[in-house]
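# Secondary and tertiary structure notes
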Amino acid sequence: MRTWLFRSSSAPPQHDDEEALVKPPPPTTTPRAAKEDVTGGNVDDGADQRQPTPPPAAAAAAAPSKAPWRPSWSSWSTTSRGVGLVLGGLVGVVALLLLLAGGTSSSWWRIHLDSSSFLFGGDGSSISHHGRGPPHHVASSTTNLIPIPLNCGNASSSAGTCRRRVVTAPSPSPSPSSSAVLASPSSEPPPSPPRCPEYFRYIHSDLAPWRETGITREAVERGRDRAAFRLVVVAGRAYVETYHRVFQTRDTFTQWGIAQLLARYPGRVPDLDLMFNCEDMPELRAADFPDPSAAPPLFRYCKDDATLDVVFPDWSFWGWPELNIRPWAPLLEEMAAEARRLPWPERKPYAHWKGNPGVSAARGDLLRCNVSEGRDWNARVFRQDWDAAINAGFKNSNLAKQCDYRYKIFVQGRSWSVSEKYILACDSPMLLAATPYRDFFSRGLVAGRHYWPLDRAGDCAAIKFAVDWGNAHPARARRMAGEGSGFAREEMSMDYVYDYMLHLLTEYAKLLRYKPTVPENAVELCPESVACPAQGRERQFMMESRERYVADYEPCTLPPPFTADELRDMARREEEVRRKVHKLMQEHGHR
């Protein structure tokens, strides 16, 4: 029987026989949240705070001296998928439920599990990381690919002008059943595309309010007062009508990502017309629309169960220049290299968080769990010095250097937070404080498999409990870390980010009941129109995240919608995990 056992006595903690004891490093100087400076290399996402935009000199500061990032084509082809949410994910949750069965032990707080109990089974002698599935695609030699030009011209030319390009492209339909692919010198048929990750199924959920009635021009226009910009695609060319300024460069890098999508998959994005909001808080409350189809379809970065907003990947996947956060693909490679440099056993044996606690009550509550003279909750919580960071242009902040603790705490900001993907990629178990807000990928994360659930950020006893458990069972903690970081590397690779965008826009366009036209005040959107006027770090990150070749493969296959029974089962299983954790903590004096 799988058991998770605790008992109090004066004996020191013991560890499972199959696990090597990981000795914690020597104690470090006691941190103080209010006195932490910015030189430690950690940076909060800042997505939910309204700090003033850095001075132009800081925002356009020269980037660190390093060669421009280019994707490694040998490793690019190995992007793979993991176990799905409903099948593999639920198996992981059920396994954790079995793990949480009660029992007894003769040790102080020995947590005993048999050799097949933690998530994956096996003898515990090796670290099992994210299960690998088929690759997204088989990379072709660059000599056989069609390059995507980017020509900004010179001072005497019209820099930033969108040019007509003739590209031999696949059929506009992203359907995997389509046989149209780019011409290839090989006579062998291309491999079938993989099934998209399970979180793609929420595309159907987000668009469900309009599934029966469709979307009229009037419905789209009703979202204008809430939108930062309007995106229209006609005959494969994109146009943007801007309504108001947004915080920092959120709109610019969102539009850069859309321009990259159209260049990567030319001719595949159908005609469409949509409104986009770049703020933190979802605002289309379902309660305000007794008839959900009357709600204006509004795209944004997050939502909760009480809102009808349509979720789209956030701007930071292509970089966040104001905070010196590199685009997702090169940053992932940098973080993987740092994880190899500092293996999990050598990291500080505590749970870490650093950021701006003033943007939400949840973050302020977390400060209570910091180490003090009276109590150590195994948490190391730091307050980000935003003024110092902004004045330095965030030159001393590097997310790849933040993974020096064995556990990472995720806490929402005003709503969702872009920091979740960076925490997942650290290869440390993520302790996730419950939040109602979800972005496009976080709906695919499974409690007990990809992260350790916390009821709330300020639950200090729960944080201590999780860290004690992981330090007593390092092999199992590292497995959870591997599942989370594997999800970030594989199911959230830029291949899948672009495929999510493509499928979402395609399914949305199918619902339109009118033919989109270019607004009178719109300007054309293309890579040149965004990148050519950019300078400094903005230009650098655009070049790092630029698509260089037209895709010569099909996008992943969009899975069907969730059934009502599947959604109920997933919610029930997550709730069962939380109840079991509560019960164990009560039984063993952690409440």
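The following refers to the structure shown.

What counts and how
- Residues numbered from 1 in each chain as written.
- Predicted model: local features only at pLDDT ≥ 70, side-chain atom pairs only at ≥ 80, totals over all residues.
- Heavy atoms only, no water.
- Helix = DSSP H or I, 4+ residues; strand = E, 2+ residues; numbered from the N terminus.
- Buried < 20%, exposed > 50% of the residue type's maximum accessible area, 1.4 Å probe, protein only.
- Contact = heavy atoms within 4.5 Å.
- Pairing = 2+ DSSP bridges.
- Right-handed = clockwise from strand over helix to strand, strands pointing away.

## Notes on the environment of V577
Residue position: V577 is located in helix α16 (residues 564–587). With relative accessibility at 0%, the residue V577 sits in the buried group.

## Details of the side chain of Q255
Assignment of secondary structure puts Q255 in helix α6 (residues 250–264). For Q255, a relative accessible area of 12% puts it in the buried group. In this view, Q255 contacts F229, V240 and L525; residues no more than four positions away in its chain are not counted.

## Here's the deal with the pairing of strand β6 (residues 348–355)
Most of β6 sits inside the fold, with seven of its eight residues counted as buried. Where β6 lies against strand β8 (residues 405–410), three bridges are found, and the strand directions are parallel. Considered in β8, the bridge of A351 is made with Y407. By the bridge criterion, five bridges tie β6 to strand β7 (residues 379–383) in an arrangement that is parallel. In the sheet register, H352 faces β7, and the bridge partner there is R380. A crossover links β6 with its parallel partner β7, the connecting element being helix α8 (residues 361–366), and its sense is right-handed.

## Some points on unusual backbone geometry
We note that N378 has phi near 65 degrees; this positive angle belongs to a residue other than glycine. Along the chain, N378 falls in the loop between α8 and β7. Even without glycine at this site, D427 takes up a positive phi of about 65 degrees. Mapped onto the elements of the fold, D427 is located in the loop between α10 (419–424) and β9 (430–433).

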